Amino acid sequence: MAELLLHGFETVLQPGILALLAAGVICGIIIGALPGLTATMGVALLTPLTFGMNPVSGLVMLVGIYCGAIYGGSISAILIRTPGTPAAAATVIDGHELAKKGEAGKALWMSTVASFCGGMFSALCLAFIAPQLAKVALSFSSPEYFALAMFGLSIISSISGDQVLKGLIAGFCGLILAMIGMDPITGFPRFTFGDPNFLSGISFIPVLIGLFAVSEAFASAESMLKKIDIDVNIAGMWPSWAEIKTCIKTIIKGSVIGTIIGIIPAAGADVAAFVSYGECKRSSKQADKLGTGVLEGVAAPESANNGVTGGAMIPLLTLGIPGDAVTAVMLGALMLQGLRPGPMLFKDNADVVFALFAGLILANVFMLIFGLGGLKLFAKVIMVPKPILVPIIFILCVVGSYSIDQRVFDVGVMLVFGVIGYFMQKLKFPISPVVLALILGPMAERELRTSLVLSQGSLDIFFTRPITLLLFGLTVVSIVGSYIAQVRKQKKAQAQAQGGCPAD
Amino acid sequence: MKIGNYVAAVFLFALCGSVWYLSADFPGSQGNIPGPAFFPRGLALVLALLTGLLLYTNRNTSVKEKLFDFHGPGIKRALIMLATTVAYSFLVNIVGFILLTPLCLLLMMLIMEPEKIVVKVIASVATTAILYLVFEVGLNVPLPAWSF
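Residues numbered from 1 in each chain as written. Chains lettered and ligands numbered in written order. Predicted model: local features only at pLDDT ≥ 70, side-chain atom pairs only at ≥ 80, totals over all residues. Heavy atoms only, no water.

Our focus in this paragraph is the overall build of chain A. The number of helices and strands found in chain A is 20 helices and two strands. For a compact globule of 504 residues, the expected C-alpha radius of gyration is about 23 Å, and chain A comes in at 22 Å, within 12% of that figure. Once the C-alpha set of chain A is aligned to its principal axes, its extents read approximately 70 × 55 × 50 Å. A burial count over chain A gives 61% of its 504 residues as buried. When contacts within chain A are restricted to residue pairs at least 6 apart in sequence, long-range pairs at least 24 apart make up 79% of them. Here chain A has roughly 18,600 Å² of accessible surface; of this, 66% comes from carbon and sulfur atoms. Between the centroid of the 31 positive side chains of chain A and the centroid of its 28 negative side chains there is a distance of 7 Å. (Helix = DSSP H or I, 4+ residues; strand = E, 2+ residues; numbered from the N terminus. Rg over C-alpha atoms; globule rule 2.2 N^0.38 Å. Buried < 20%, exposed > 50% of the residue type's maximum accessible area, 1.4 Å probe, protein only. Contact = heavy atoms within 4.5 Å. Areas by Shrake-Rupley, 256 points an atom, 1.4 Å probe, with all protein chains shown as cover. Lys, Arg positive; Asp, Glu negative; His and termini not counted. Charge placed at Lys NZ, Arg CZ, Asp CG, Glu CD.)

Further remarks concern the confidence of the model for chain A. Of the residues in chain A, 93% reach a pLDDT of 70 or more, and the chain-wide mean stands at 83. The lowest-confidence element of chain A is helix H16 (residues 375–381) of chain A, averaging 75 in pLDDT; the highest-confidence one is helix H15 (residues 350–373) of chain A, averaging 92. (pLDDT = per-residue confidence, 0-100.)

On the chain A side, the residues contacting the 63 residues of chain B number 56 residues. Carbon and sulfur atoms make up 84% of the surface buried where chain B meets chain A, a total of about 5,200 Å² over both sides. Our count for the contact surface shared by chain B and chain A stands at zero salt bridges. At the boundary of chain B with chain A, the tally comes to five residue pairs in polar contact (both at pLDDT 80 or more). Those elements that place two or more of their residues in the side of chain B that touches chain A are helix H1 (2–22), helix H2 (38–59), helix H3 (73–95), helix H4 (97–112) and helix H5 (117–138) of chain B. For the side of chain B that touches chain A, the leading source of residues is H2(B), giving 12 residues. (Buried area = accessible area lost by both parts, 1.4 Å probe. Salt bridge = Lys/Arg side-chain N within 4 Å of Asp/Glu carboxyl O. Polar contact = N/O pair within 3.5 Å; in protein donor to acceptor, adjacent residues only side chain to side chain.)

Residue and element names in this part refer to chain A. Within the secondary structure, Ser111 sits in helix H6 (residues 104–137). Owing to a relative accessible area of 0%, Ser111 belongs among the buried residues under this scheme. Looking at Ser111, its side chain comes within polar contact range of the main-chain oxygen of Leu108, at 3.2 Å. Contact partners of Ser111, with chain neighbours within four places excluded, come to Tyr71, Ser74, Ile78, Val298 and Glu302.

The full count for this structure, using the stated rule, is zero disulfides over all chains. The cysteine Cys397(A) is free of any disulfide, with Cys104(B) supplying the nearest cysteine sulfur at 14 Å. The class of Cys397(A) is buried, set by a relative accessible area of 0%. (Disulfide = S-S within 2.5 Å.)

Residue and element names in this part refer to chain A. Take Thr47: it is sitting in the loop between helix H3 (39–46) and helix H4 (55–80). Given the relative accessible area of 0%, Thr47 is considered buried. Separated by 197 residues in the primary sequence, Thr47 and Ile244 have C-alpha atoms spaced 37 Å apart. Beyond its immediate sequence surroundings of up to four residues, Thr47 is in contact with Leu62, Ile205, Val329 and Ala333. A polar side-chain atom of Thr47 sits 2.6 Å from the main-chain carbonyl oxygen of Val43.

What follows is about the nonpolar core. Residues Ile75(A), Leu317(A), Met330(A), Phe357(A) and Tyr88(B) are the most contacted members of the largest nonpolar core, which totals 200 residues. Considering every element that reaches this core, the biggest residue donor is H4(A), with 16 residues. Those residues in contact with Phe357(A) that lie beyond four places of it in its chain are Leu5(A), Leu126(A), Ala127(A), Ala130(A), Pro131(A), Leu317(A) and Phe346(A). With seven residues, the next largest nonpolar core counts Tyr277(A), Cys280(A), Leu290(A) and Ala300(A) among its residues. (Core = buried A, V, L, I, M, F, W, Y, C linked by side-chain atoms within 4.5 Å.)

Turning our eyes to something else, we now look at the pattern of salt bridges. Residue and element names in this part refer to chain A. On inspection of all chains with the given rule, the structure shows 14 salt bridges over all chains. Residue Lys100 pairs with Glu97 through a salt bridge whose shortest N-O separation is 3.3 Å. One end of the pair is Lys100 and the other is Glu97, both in helix H5 (residues 91–100) and three residues apart, which spans about a single turn. For Asp183, the salt bridge identified is with Arg190, shortest N-O distance 3.5 Å. For Asp183, a relative accessible area of 3% corresponds to the buried category. Bridged by salt links that share partners, the residues Asp183, Arg190, Glu445 and Arg449 form one connected network.

Next up on the list: the packing of H4(A) against helix H12 (residues 296–319) of chain A. Residue and element names in this part refer to chain A. At their nearest, the axes of H4 and H12 sit 9 Å apart, and the two run at 160° to each other. By the angle between their axes, H4 is roughly antiparallel relative to H12. Seen along the crossing, H4 lies across H12 with a hand that is right-handed. Between H4 and H12, the residues in contact are Val63, Tyr66, Cys67, Ile70, Tyr71 and Ser74 and Glu302, Asn305, Asn306, Val308, Thr309, Ala312 and Met313, respectively. Among the residues making up the contact of H4 with H12, the classes are represented as eight nonpolar, four polar and one charged. (Axes fitted to C-alpha atoms, helices over the stretch in contact; angles between N-to-C directions. Parallel < 35°, antiparallel > 145°, perpendicular 65-115°, else oblique. Left-handed = near helix turned anticlockwise from the far one by under 90°. Nonpolar A, V, L, I, M, F, W, Y, C, P; charged D, E, K, R; others polar.)

This next bit is on the side chain of Arg77(B). Note that Arg77(B) resides in helix H3. An unpaired buried charge is present at Arg77(B): no salt bridge exists, and Glu222(A), the closest side chain of opposite charge, is 8.1 Å distant. Here the side chain of Arg77(B) touches Ala221(A) through a polar contact of 2.7 Å, landing on its backbone oxygen.

All names here are of chain B. Residues at a pLDDT of 70 or more form 88% of chain B, whose mean pLDDT is 84. Mean pLDDT values for the elements of chain B range from 85 in H3 up to 91 in H4. Predicted complex metrics record ipTM = 0.89 and pTM = 0.77.

Both trends apply: most residues other than glycine have a negative phi, and most peptide bonds are in trans. Residue and element names in this part refer to chain A. Positive phi is not limited to glycine here, since Phe191 has a value of about 55°. One non-glycine residue, Lys428, lies in positive phi territory at about 60°. As for its placement among the helices and strands, Lys428 is situated in the loop between helix H18 (408–426) and helix H19 (432–454). Accessibility expressed as a relative area gives 38% for Lys428, which makes it partly exposed.

Quick look at the packing of aromatic side chains now. Within the structure shown, the criterion is met by 14 aromatic pairs over all chains. With a centroid separation of 6.4 Å and an interplanar angle of 70°, the aromatic rings of Phe462(A) and Phe472(A) are classed as edge-to-face. One end of the pair, Phe462(A), is in the loop between H19 and helix H20 (466–497); the other, Phe472(A), is in helix H20, and 10 residues separate them in sequence. Taken together, the ring pairs connect Phe146(A), Phe462(A), Phe463(A) and Phe472(A) into an aromatic cluster. The ring of Phe429(A) carries the charged tip of Lys166(A) above its face, separated from the ring centre by 5.0 Å. Residue placement shows Arg41(B) over the ring face of Trp20(B); its charged tip is 4.4 Å from the ring centre. (Phe/Tyr/Trp six-rings, centres within 6.5 Å; stacked < 30°, edge-to-face > 60°. Lys NZ or Arg CZ within 6 Å of the ring centre and 35° of its normal.)

Quick look at the structure:
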């Protein structure tokens, strides 16, 4: 395995690929820093750029964007009290307080270093854990893959936040959408209305761009934000060694928390950041000062949110189950490059996989270098006015969708789903379940029907295999657990509204 | 939100009904092996049940958020941006990327904020140039050209 990783580094350490990785990290940091643009949107928007590239180049660039975007959100969180991405929401608490005290430079330094540590830890975990998990997954057959798809789909309830019912509805709509095209077993055309454009199904990337990018651009066009002025001085202030020492334990804990949460499908960087911040509040010697502007309050969430990046790629690469919304997009990108995530990926395309591991490790190094060196520049980027940015996003969406197959049809799909996504956001229907269902729905149907062919129609095939039973059990736990969590949250909110219980 | 949920429910029931109706002509199951209609119909059924549950829970919703402010400039701006993007999508294959993109970008930027025209002209032209260099030159992805 060490040899494969070394070979991966040799592949990535080429000038062209390094340049793409650097460009990806820089684009990611800029996208993350801009409020209103999420990491998911950035990866969705820039995925079409990877079509003309070989798999290693394209995927390494996307990984760079992912790392950069998760970190970049902290820049606006600290400077203007607005998280650039949901992952940086916890960073606002102490980050902006530090900026108000005139210590924005220290806060930004700590967020960069903590992000690097968390990201690097999770990248190393990915490189060592994923191949072992893939060996277990090699024994999977159609029943296991069906159960895995069901477990993946059950995550819909987790990623729906407070709207579990609406999330399930969105997921089932996505599943119905996935039925368009040729039946995977018999080849019968379903819901194509005689149009050859529908024979291969709805193209995934235009749907992604429409749902995540265009809908957000509509919302931005509707609600014009005022021009942002940054009046904090970020020049040259680094923490002292004594200040850094107080954060080391927090960074280690945050990195572990982030990696573990990243491995759990659907729990993303925002969850990891808050869990880490909560743990810091519980165990820190400076717990009473948290919230007033202490460096630990920046180190905890930032190490955790970047710790998710490698962790989320473990289930993605080994099982084909995305760890969060961004890796759901990357799943689509992998498939478009002709790479099917899962244990066979490690067998048939080990060179690509280990190059990806090396790319993720190097992406964190670039993030550290550009983060520390380019902070003033990135701070200026936040000030790009919305009237200039939003139209550029619209045009980029059109060009990106067109570039897939040079069809205006894909642009039309993108626009339709942009409008649908806009209404979904207005009506508080989560968007991620649609994407997850679109990816996993065909797999679920294909493996179910293949399993029934193998068993000649008997359902016993699903209940006599231990891994299948385990995955079904996890599916039930996932759905029931999410529902119970939502009910508890609603009851707590009601009790707080009545003034019966103190807030945490 | 309450009215919005009711409208969404109508669309969802219509979707379920359409899926059920359209899948009636699909080939049937072969023995115990489900045919092409099995999954779509199963999904439509479950979706109809979930939509019914949404209607039921919506009865008790007291949230009266106003989803759209039709009198404010925001929704009009969003609609104009949509119309411009749609027009761009159809016309770009005729007029060509290099000619149409900076014009559309400038138009949309001025719709968002009708000031600082020079900055917006520079931004439109620069964006077009960057996109052309990245896609057409860097990635060999052909962009629409002038048709005439």
